[in-house]
Amino acid sequence: MDKMDRMDTLSLWKATAKTFEHGKLLEGNEEADVVIIGAGFTGLSSAYHLHKMGKSVIVLEQETIGYGASGRNGGMVLPGYKPTMQDLAKKYGENEARQLNDLSLNSVELVKNIIDEHQINCDFRKTGHVVAAYKAKHFEEMKHESEYLNKYFGYETSVLDRNQLPQEIDSPVYYGGLVDNTSYSFHPLNYAIGLGEAAKSVGAKIFEHSKALSIEYGRNSVKVVIEKGVVTAKDIIVATDGYSGKLLNELNKGVLPISARIIATEQLPESLLNTVIPNDRMIFDTSNFLYYFRRTPDHRIVFGGGDVRPNLGDAAYQSVYDAMVKIMPKLAERKIDYRWGGFIGVTVDTFPIIGRSKEGAYFATGYSGHGASLSTLFGKLLAQWIVTGNAGGFRFEKERLKTFPFYNQKMMLVNLAHISFKLLDMIG
Ligand SMILES: Cc1cc2nc3c(=O)[nH]c(=O)nc-3n(C[C@H](O)[C@H](O)[C@H](O)COP(=O)(O)OP(=O)(O)OC[C@H]3O[C@@H](n4cnc5c(N)ncnc54)[C@H](O)[C@@H]3O)c2cc1C
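Draft legend 1. Focus on the sheet that holds strand E3 (residues 76–77). Taking strand neighbours across the sheet as the criterion, the 3 strands line up as E3-E8-E4 in an open arrangement whose pairing is antiparallel. Each having just a single partner strand, E3 and strand E4 (125–126) make up the two edges of the open sheet. The pairing of E4 with strand E8 (residues 184–185) spans 2 bridges and is classified as antiparallel. Among the inter-strand pairings, Arg125 is bridged to a residue of E8, identified as Ser185.

Encoded structure:
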């Protein structure tokens, strides 16, 4: 991780972020009931909910609010998980899969409620999304998934075959698609900033440029050491996901940081946007490289996915651009105004986890590219766990964070993942 490229080029989100009062650097000694490391959606949501439940909170962020995946993502606020509902039903049984489906819908509602209650200005819009089939067999699986969701969960989606797909996407690449109306798009960094402001409005203290260097565990308290100070608290949440480094052994072993890159086009004519993505849906596909794209309120197309290896520089963005043009040939020759990247925290089975380390630190992690809404819910569940002693007894809490083999060689693991994704996408 330390050797990895930080992909800190200017993102569209940063270029258009609202101004806000930044947190100070923490200097000296501070105390709170709970100290939270990481000011992404998970950490900020935990802080917000903990304060509402009567606990005092200090959040430590090594850079600025939303610096990690939360301020860099595609802004697709989706229900569901990385695995499909049929996958989850096979693994955990139908009742639990139904509960998981409901929880994911609740997470989208929770984001909406917080945005409404605190009037967070983040372009939150109900656009719905389309899952596009990258292979013919994915389309067959998609039809089963749609029937399954309808029959067993009463959850309605519709399926478009190859001839109908241009209603949603003008692309020669896909074999069909599944349309789901429940999702929203937003400006992720403005949501993170708004969530931070909501947390501050109920009393949380957020310190920026305050990197947690080490954690010292006592009998009934914990100390977090930063460069110029120390925070003492009763409980600790580590909400660092794909940016975890080695601070917590469990996260170091069980979360793989995968590089994800995005480009944003220049502003495009409305007529072109209405041809390429006519109904303004968000789209992601079923390839292992997971291409995803959407329109923005300022008339661009944001497009992400592809090569997951770090440190590729220009070549990585060129491959994202090439994929965009292959998928939407009408975007050829269009200028790219912004390009950026971030780290997705992935678990062994791509299912997110809420847990506690051996020493007692709470964590929620591993959304595996599907965390824009779940992370807000998981932050709330962490708060509930600290205050009431349980996080609701859901599956994420029952599972253990599995260790990646050769976790000390993350570069090698990411390279292997890249090769296997490439091969799997190539074969029919
Ligand atoms: C490019 C990209 C596109 C994505 N697109 C989507 C999408 O469209 N839809 C979707 O559902 N999900 C998407 N995701 C995933 C989603 O963004 C994440 O699941 C979610 O934001 C995770 O939030 P988090 O708060 O757990 O972690 P992060 O937002 O990554 O926050 C972790 C924070 O911890 C801080 N930190 C780390 N170590 C320390 C330390 N020692 N001291 C202090 N602070 C520290 C980091 O600086 C960082 O700010 C995407 C992710 C990426 C990278």
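So that's the structure; there's more coming.
Draft legend 2. Expanded view of the domain arrangement of the chain. We note that the domain assignment places domain 1 (19–72 + 189–255 + 348–424) and domain 2 (125–185 + 257–346) within the chain. Facing the 21 residues of domain 1 at the interface are 15 residues of domain 2.

Draft legend 3. Quick look at the environment of Thr376. Tracing the backbone shows Thr376 in helix H10 (residues 374–388). Along the chain, Thr376 and Leu110 lie 266 residues apart, while their C-alpha atoms are 7.4 Å from each other. Once you skip the residues sitting within four places of it in the chain, Thr376 turns out to touch Phe41, Ser45, Ser107, Leu110, Val111 and Ile114.

Draft legend 4. Structural view of the site of the ligand. In the vicinity of the ligand, 42 residues are found, and the nearest of them are Gly38, Gly40, Gly68, Gly74 and Gly371. Elements with a minimum of two residues in the shell around the ligand: helix H2 (41–52), strand E13 (256–265) and strand E17 (336–346). Residue-level mapping places the shell around the ligand at the junction of two domains, with at least three residues from each of domain 1 (19–72 + 189–255 + 348–424) and domain 2 (125–185 + 257–346).

Draft legend 5. Quick look at H2. A rise of 1.5 Å per residue sets the reference length of H2, with its 12 residues, at 16 Å; its end C-alpha atoms lie 16 Å apart and thus fit the reference within 8%. With 11 of 12 residues buried, H2 is to be regarded as a mostly interior element. Inspection of H2 places Phe41, Thr42, Gly43, Leu44, Ser45, Ser46, Ala47, Tyr48, His49, Leu50 and His51 among the buried residues, and these make up the whole buried set. Considering only its buried residues, H2 is in contact with strand E1 (28–37), strand E2 (57–60), helix H6 (188–201), strand E12 (229–238), strand E19 (362–365) and H10. One or two residues past the end of H2 sits Gly54, with phi positive at roughly 95°.

Definitions and cut-offs
- Residues numbered from 1 in each chain as written.
- Predicted model: local features only at pLDDT ≥ 70, side-chain atom pairs only at ≥ 80, totals over all residues.
- Pairing = 2+ DSSP bridges.
- Helix = DSSP H or I, 4+ residues; strand = E, 2+ residues; numbered from the N terminus.
- Domains from an automatic or database assignment.
- Contact = placed C-beta atoms within 7 Å.
- Near = placed C-beta within 6 Å.
- Expected span 1.5 Å × (residues − 1).
- Buried ≥ 20, exposed ≤ 12 C-beta atoms within 10 Å, placed from the backbone.

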